[in-house]
Amino acid sequence: MRPLSRAALFLVFALPLSGCGVSQWDGSAAGLFRTPPAGTGLVDRSPESLYAAGIEALQAQRYPQAVELFEVLEREHPYSTWATNAKIMSAYGDYMRNRYTEAIGTLDRFIQLHPAHRDIAYAYYLRSLAYYEQIADSQRDQRGTETALTALQDVANRFPNTAYARDARLKMDLARDHLAGREMNIGRFYMRQGLYSAAIGRFRRVVEDYQTTNHVPEALHRLTEMYLALGLRDEAARAASVLGHNFPGNAWYQDSYAMLTPGAQMAAQDRPGFFRRAWNSVF
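Computed from a prediction, not measured in an experiment: that's the story for all the values here.

*Asks:* So what's going on with the overall build of the protein chain? Residues and values would help.
*Replies:* A count of helical and extended segments in the protein chain gives twelve helices and zero strands. Ordered by position from N to C terminus, the α and β elements of the protein chain give α-α-α-α-α-α-α-α-α-α-α-α. Residue burial in the protein chain is summarised as follows: out of 283 residues, 49% are buried.

What follows is the structure, given as structure tokens:
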């Protein structure tokens, strides 16, 4: 599935605005804050008008102005249906201008106050995206990645048959890839320092916990390399066997095989389920 577009997310939730009864508002967001000519009275600040102006500002990508309009609506008409919808649209505006902490705070309050709202699935999804957008590269601390993964999993669990859940699952794969990348970086560091046992622990975690990521072939190769360095030839051969069975054409397997003697037997590579059985036999 193609991921949902950031720019189109709010359109599903922009309520119909025809028949709002706006009489003195010129239809622009700026018009709500413009000083009216003498004798014309106040500019219409009804909830419908404020909401319409906020949606217009979002469509024009004037996100700070949109957030301001939705906040005015919440302050001036706190008990209206428009104010409830304004909360989630304000969070979307903050999300689009990369103010993720503010968006998450607004969404947390929305979820707490309106657990049965018709757009609650979207609120959880947008919250997970706000965490997801903050994922750092695998060279840095990954606590944010773990938080994003938890939020995405929450969407998938709560709303399993929705487009939000399908997109969340795709993003979970990337989050796991980041976490596996962190383990690989740490393992390589230990390897360069000659801390082979510590390195093995990191590479094993990649193989055991992140089997669907693209880091697994290298992790298996590094295990082969580390076991050989420690003189554990049987363990090295088993790790290489798992690598060869699951990734037979991979360059990492070719490197692993080259480390072993030409007569080394990659036992039982053609047996179904060998990945799990062989891995368990190593440990």
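Still to come is the rest of the account.
*Asks:* Give me the nonpolar core: which residues, what numbers.
*Replies:* Ranked by internal contacts, the top residues of the largest apolar core, which has 70 residues, are Leu 58, Phe 70, Tyr 95 and Leu 223. Of the residues forming this core, the biggest block, eleven residues, is contributed by helix α5 (residues 120-132).

*Asks:* Go over the packing of helix α2 (residues 63-76) against helix α3 (residues 81-96) with me, naming the residues and quoting the values.
*Replies:* The geometry of α2 relative to α3 is characterised by a closest axis approach of 8 Å and an angle of 155 degrees between their N-to-C directions. Here α2 is positioned roughly antiparallel relative to α3, judged by the angle of their axes. By crossing handedness, the relation of α2 to α3 is classed as left-handed. Judged by residue contacts, Tyr 63, Val 67, Phe 70, Glu 71, Leu 73 and Glu 74 of α2 engage Trp 82, Ala 83, Ala 86, Lys 87, Met 89, Ser 90, Gly 93, Asp 94 and Met 96 from α3. In terms of residue class, the contact of α2 with α3 is made up of nine nonpolar, two polar and four charged.

*Asks:* Account for the environment of Ala 91, with residues named and values stated.
*Replies:* Checked against the element boundaries, Ala 91 lands in helix α3. Using a relative accessible area of 0% as the deciding quantity, one classes Ala 91 as buried. Distance from Ala 91 to Glu 102, taken between C-alpha atoms, is 7.3 Å for residues eleven residues apart in sequence.

*Asks:* Tell me about the environment of Arg 188, and please be specific about residues and values.
*Replies:* By secondary structure assignment, the location of Arg 188 is in helix α7 (residues 163-192). Taking the C-alpha atoms as reference points, Arg 188 and Arg 202, separated by 14 residues in sequence, lie 8.8 Å from one another. For Arg 188, the contacting residues outside a window of four places in its chain are Phe 203 and Glu 218.

Basis of the calculations
- Residues numbered from 1 in each chain as written.
- Predicted model: local features only at pLDDT ≥ 70, side-chain atom pairs only at ≥ 80, totals over all residues.
- Heavy atoms only, no water.
- Helix = DSSP H or I, 4+ residues; strand = E, 2+ residues; numbered from the N terminus.
- Buried < 20%, exposed > 50% of the residue type's maximum accessible area, 1.4 Å probe, protein only.
- Core = buried A, V, L, I, M, F, W, Y, C linked by side-chain atoms within 4.5 Å.
- Axes fitted to C-alpha atoms, helices over the stretch in contact; angles between N-to-C directions.
- Parallel < 35°, antiparallel > 145°, perpendicular 65-115°, else oblique.
- Left-handed = near helix turned anticlockwise from the far one by under 90°.
- Contact = heavy atoms within 4.5 Å.
- Nonpolar A, V, L, I, M, F, W, Y, C, P; charged D, E, K, R; others polar.

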